[in-house]
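Structural characterization, general
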There are 2 protein chains.
Amino acid sequence: MKVPKISEAVVKRLPVYLRYLNSLKAMNVRTVSSHQLGEALDLNPAQIRKDLAYFGEFGRKGIGYEVNYLVEKIKSILKLDRQVNVLLVGAGHLGHAISNYNAYLKDNMKIISIFDADPMKVGKKIANLTIQPLEELAQTVKEKDIRIGIIAVPADAAQSVVEHLVDAGVAGILNFAPTNLRVPEWVRVHDADVTMELHSLAYYL
Amino acid sequence: MKVPKISEAVVKRLPVYLRYLNSLKAMNVRTVSSHQLGEALDLNPAQIRKDLAYFGEFGRKGIGYEVNYLVEKIKSILKLDRQVNVLLVGAGHLGHAISNYNAYLKDNMKIISIFDADPMKVGKKIANLTIQPLEELAQTVKEKDIRIGIIAVPADAAQSVVEHLVDAGVAGILNFAPTNLRVPEWVRVHDADVTMELHSLAYYL
DNA sequence: TAGATTGTTAATCGATTAACAATC
DNA sequence: TAGATTGTTAATCGATTAACAATC
């Protein structure tokens, strides 16, 4: 699989394809065309073909794409063909909600540790995981081969948590805190601040 | 304020500017230059100036932008200078977490109603709001002038909730359900599926 | 005045879409 | 064979960045 510099926009669409293809798979659909995908996902069929073609020739001319095969290919592109371990920092309301996402993540991705700075919370269990103190973060990341961290702490604690995560060697961060994180350029951050989404939605009213 | 067709990318950055400007305001910073903003937010200063210039001349040559003034201007562009009422559908873990976001939303945006399809949950309170049955949704939207709906229900219930919301006249939807929603073209949907974000993050490992 | 910084135009860069030969 | 659909090139469209006159 060659990598001719894939744009962020393409990478963001791959999970959308995967999600829909999984639903087709569940419905025992054998093949699907770029036109059908475009119709269902509100995307241009040429764009879908081009996105997929960056990674290989997955379709058959005159036929379309074999659903099961394409699912496996996209999983492998997203590195979801191997185990991806995730940790969560912040055991508040949001952290509690996120810790229940394992059912949806499936596909070899799993939240396997939860941390909180509050000594009152340490030792308690949520979603079958025992809340650990931040001091144990670095060691746990190493021992359990954790690659992604989710930040669900207040804004004023977020940057310090990021530094823990970066030092521990995490490569990707999903940030729910309403603040701009500073990270070295080899760490990838995706922002998921709910207030941000609602504020931009307000523009279109 | 003229509207020369503002791109989605610009609209997504406005709340980022607002968030940072609010933090400057809290620190009693008077003025800020596009260069300083770019430095803090990891954006090109020319882009920031251009984004703001779509909506008016908010800065002063040789000086920069007056923080308090720019905050008010961006609020007004995002229509956060008037009351924006929001409802939430889904009182599960995620709904519970989201219902606590009112503190962050401030700026005239507020979640004022919560709905759930489960009769066992109806009548219970979360975050000071009483959970209502879906049957009351349409009437509540009208009575309370609700403009935005947040969907925090399972994927298989999401499309039916969307139709309730669209029929009721909601203009914007923030969708946490892991599914592609179908809406008429005058309704705006922002997707916020956590699994999607984590899956795209995995690509960069 | 000299230095700083905006608003804006022009240049560049990148992403989306159309078109079509190849082929199932 | 005729119709359908891919992979890919070329054309279009749009967004970002550089540059600079205006001006505080």
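Since we're looking at a predicted model, the values are computed, not measured. (Residues numbered from 1 in each chain as written. Chains lettered and ligands numbered in written order. Predicted model: local features only at pLDDT ≥ 70, side-chain atom pairs only at ≥ 80, totals over all residues. Heavy atoms only, no water.)

Digging into the overall build of chain A
Rule in force here: Where helices and strands are cited, they refer to DSSP runs of H or I of at least four residues and of E of at least two residues respectively, numbered from the N terminus. Between buried and exposed lies partly exposed: a residue is buried under 20% and exposed over 50% of the maximum accessible area for its type, with that area taken using a 1.4 Å probe on protein chains only. We call two residues contacting when some pair of their heavy atoms lies within 4.5 Å. Calculation of accessible area relied on Shrake-Rupley with a 1.4 Å probe; when residues are assessed, cover is drawn exclusively from the protein chains displayed. The convention is simple: Lys and Arg are positive, Asp and Glu are negative, and His and the chain ends are not counted. The atom standing in for a charge is NZ when the residue is Lys, CZ when it is Arg, CG when it is Asp and CD when it is Glu.
For chain A, the helix and strand inventory stands at 9 helices and 10 strands. For chain A, the spread of C-alpha atoms along the three principal axes comes to 60 × 45 × 35 Å. When the 205 residues of chain A are sorted by exposure, 51% land in the buried category. Restricting the contact set of chain A to residue pairs at least 6 apart, pairs at least 24 apart contribute 56%. For chain A, the accessible area works out to roughly 9900 Å², and carbon and sulfur atoms hold 51% of it. Of the charged side chains in chain A, 25 are positive and 22 negative, and the gap between their average positions amounts to 9 Å.

Some remarks on the UniProt feature "binding site: NAD(+)" (unreviewed entry) in chain A
Operational definition: UniProt positions are given in the numbering used here, feature names are shortened, and annotations may be inferred rather than shown by experiment.
Under the UniProt annotation, the feature "binding site: NAD(+)" (unreviewed entry) is placed at A:Gly90, A:Ala91, A:Gly92, A:His93, A:Leu94 and A:Gly95. Residues within four places of A:Ala91 in sequence aside, it is in contact with A:Ile114, A:Phe115, A:Asp116, A:Lys121, A:Ile126 and A:Ile131. For A:Leu94, the location among the structural elements is in helix α5 (residues 93–98). Using a relative accessible area of 13% as the deciding quantity, one classes A:Leu94 as buried. In this structure A:Leu94 touches A:Ala152, A:Phe176, B:Leu94, B:Ala97 and B:Tyr101, once residues within four positions along its chain are discounted.

Focus: the UniProt feature "DNA-binding region" (unreviewed entry) in chain A
Using the residue numbers shown here, the UniProt feature "DNA-binding region" (unreviewed entry) corresponds to residues 16–55 of chain A. As a span, residues 16–55 of chain A carries 70% helix and 5% strand, and end to end its C-alpha atoms are 16 Å apart.

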